[in-house]
Amino acid sequence: MNSARQEILERIRDATGGSTPSREAEYAALPRNYVCVGSLETNEKLELLVDRLEDYGATIFYAKESEVSARVAEALRARNKSGLLIPRDLPRAWLPDGFSFFREGATYQEVNASEGVLTDCALAIAMTGSIVLRHSAGEARRALSLIPDYHLCVVFAGQVVETVPEGVRQMRAFADIPITTIAGPSATADIEMIRVKGVHGPRTLDVILVT
Amino acid sequence: MSTFVGDAAKAPKFQTAAKKLVADTQVRHNVKRATDLIRKKRAKVVGEMADWEELREAGHHIKEHTLRHLDFYLEQFETNCTAAGGTVHWARDADEANGIIVGLVKAQQAKEVIKVKTMTSDEIKLNVALEAAGITPYETDLADLIVQLGEDKPSHIVVPALHRNRMEIRRIFLDKMNLGELGDQPEDLAAAARGYLREKFLRVPVAISGANFAIAETGSVCVVESEGNGRMCVSLPKVLISLVGIEKVIPTFQDLEIFLQTLPRSATGERMNPYNSIWTGVTLEDGPQEFHVVLLDNGRTKVLADREARETLDCIRCGACLNACPVYRQTGGHAYGSVYGGPIGAILTPQLQSMEHSQTLPYASSLCGACYEVCPVKINIPEILVHLRNKVVEQGDAPWEEKIAMKAAAYVLDSPERLERARNLGRIAQKPFVKNGVISHLPGGLDAWTAVRDLPAMPSESFREWWVKREREGHV
């Protein structure tokens, strides 16, 4: 088995002359003249995020920090849901009375039978309307935000960055944990290039934006 | 052991295949409609990026740098992926990769696998190998599913069923999914795919994916997608196998900040594709507990060795060059006889096959440069096309008519006297064919040229003759 490895590496070294110690310096000198850090004011940044999310067909609910549970209740009523799955470490204060919430730990079949999932996020990128999930105790294992047809996600204004480079540089800090970035509900344009919302991932994405 | 690219070695000449496809008005209509739409969307979202050229430039340089130090970055990826609980395999060619993957599936005693879109698996004909071993592969990308159920071939690297319209897709789904009835709206068809695949996602224990990026610094793999089938495949099964071409490695996690901007805008005309999955090895209590990466050469090191064509390997498979290409837009992808169609396919396929097959592909272009202009990593495709045409001629594979014509042209153009004589001869010879100043029909084999275009007749006086006369008459 190792002979394939050896042979491919030899073919590469024959073709290129092999990597050299100057690699590190060469990498550091590569041109990166694109925009790395954004220039928008906080409120403009949030407007941009909302504009992008709505463009993807997501619905936004606005909340102050003390109102998260009220907005959760509002979203659930609007979507006609009686309860949701939640990650292990989701704050209890976010959960309104009168609905059922189930901590993760279910089988795929049970997750599939649920009405939806409520999670928080690690960060959001305004320019592309991306929500970044770091699959830890607050954002749950990957199956939980994937199998259900409905995803309700809480985003704090302080978690929003403007550009993709700002977002990716933050993501680097938890690159050892599975990461999913979400830009709107699942979609396809495979039929005549017409965008259709909702294939395998959640077909409905609601966002509670906490300012 | 063998290196191959799908069935490209057995494919007819591009010109032969193209002739047949151009006559298929339905395919032409479907391809034109879809590529028009996607180009418009791309132009809009690229236009709003003030730093688009800088992003292209940065992407190009990173790819160039990575290829220059590819041995280092592959070993770094292997080290980090292994440390995170993954297992890295190396495959010299298609057969070896298929053998490794079939072996891994068999070790699980699995009879079925779910697959998320990987053109590389089409390149190595993985599905054929799996089926031969009694394993049923389920394609989960909507377009791939349409192609698989329709017993068809992919015609586009991003949207493989681009040549099919909704009515055709509806018929395929009705036939193959045992559905009583089905609407013809894209929404109905997407819902049918959701219903058909859902229980497979929840049940099948082994998944096979490709990779958009393999990150050396962290050993992470990134899959870019839209439908959620990718997320299903990389995060639900017990075992995940990722087939990764050796050129897919990038040095650092931070480098994603470039490609995650240029890829979605170029590929589907979106600011961001709905989903990106990034994972590193195995994570306790989340997703596959066994993770394998198969690093594939299959001719890539030969491309690497050709300094003038090396940047072919920069490709991030966005498909923008297909949509922009005036040739692809007329023929669709099947004319290229390869899983990789369009301009990138025209340079990649013959090279992967050591220039032993598909030599007509470098001629499947008018060299207009539209592909270069839209390429998010600035691959100079027209230049590589010319370079490959040169190779075809050097190895003696040019058509005999062309060889004779080129020899004759070289002989004539070598001396002013011969050129003069040839011109005089031509002026007489053209007489029976000239009508209203143009030649519309040439005799014999030369009619291939005039079949689709007119040739202006040679004027009664050439520039040189006019110049000499002018001097003689004292206009100097």
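Cut-offs and rules
- Residues numbered from 1 in each chain as written.
- Chains lettered and ligands numbered in written order.
- Predicted model: local features only at pLDDT ≥ 70, side-chain atom pairs only at ≥ 80, totals over all residues.
- Heavy atoms only, no water.
- Domains from an automatic or database assignment.
- Axes fitted to C-alpha atoms, helices over the stretch in contact; angles between N-to-C directions.
- Helix = DSSP H or I, 4+ residues; strand = E, 2+ residues; numbered from the N terminus.
- Parallel < 35°, antiparallel > 145°, perpendicular 65-115°, else oblique.
- Contact = heavy atoms within 4.5 Å.
- Nonpolar A, V, L, I, M, F, W, Y, C, P; charged D, E, K, R; others polar.
- Buried area = accessible area lost by both parts, 1.4 Å probe.
- Salt bridge = Lys/Arg side-chain N within 4 Å of Asp/Glu carboxyl O.
- Polar contact = N/O pair within 3.5 Å; in protein donor to acceptor, adjacent residues only side chain to side chain.
- Buried < 20%, exposed > 50% of the residue type's maximum accessible area, 1.4 Å probe, protein only.

(A) Fine view of the domain arrangement of chain B. One can read the domain layout of chain B as domain 1 (32-301), domain 2 (399-425) and domain 3 (430-476). Placing a centre on the C-alpha atoms of domain 1 of chain B and another on those of domain 2 of chain B gives a separation of 51 Å.

(B) Main features of the packing of helix 8 (residues 142-149) of chain B against helix 10 (residues 186-203) of chain B. Residues and elements named next belong to chain B. Direction vectors running N to C along helix 8 and helix 10 enclose 80°, while the axes themselves pass 11 Å from each other. One finds that helix 8 runs roughly perpendicular with respect to helix 10. Within the contact between the two elements, helix 8 uses Leu142, Leu145 and Leu149 and helix 10 uses Ala190, Ala193, Tyr196 and Leu197. Looking at side-chain class alone, the contact of helix 8 with helix 10 contains seven nonpolar, no polar and no charged residues.

(C) View of the interface of chain A and chain B. Listed per partner, the contact involves 78 residues of chain A and 95 residues of chain B. Across the chain A to chain B interface the summed buried area is about 7,700 Å²; carbon plus sulfur atoms make up 58%. Connecting chain A to chain B are 17 salt bridges. Across the pair Arg32(A) and Glu257(B) runs a salt bridge whose closest N-O atoms are separated by 3.9 Å. Across the contact surface, chain A and chain B share 46 residue pairs in polar contact (both at pLDDT 80 or more).

(D) Looking closely at the pattern of salt bridges. Residue and element names in this part refer to chain A. This structure, assessed with the given rule, holds 50 salt bridges over all chains. Across the pair glutamate 7 and arginine 11 runs a salt bridge whose closest N-O atoms are separated by 3.1 Å. With glutamate 7 and arginine 11 both in helix 1 (residues 2-16) and four residues apart, this pair spans about one turn of that helix. The exposure class assigned to glutamate 7 is partly exposed, which follows from its relative accessible area of 31%.

(E) Up close: the environment of Trp52(B). For Trp52(B), the position within the fold is in helix 3 (residues 52-68). Non-local contacts of Trp52(B), meaning those with residues more than four positions away in its chain, are made with Arg42(B), Val46(B), Gln261(B), Thr262(B), Arg265(B) and Ser266(B).

(F) Local environment of unusual backbone geometry. Residues and elements named next belong to chain B. Positive phi values are uncommon outside glycine, yet asparagine 178 reaches one of about 55°. Within the secondary structure layout, asparagine 178 lies in the loop between helix 9 (166-176) and helix 10. Its relative accessible area of 71% is what places asparagine 178 among the exposed residues. Phi at lysine 378 is positive, roughly 55°, even though this residue is not glycine.

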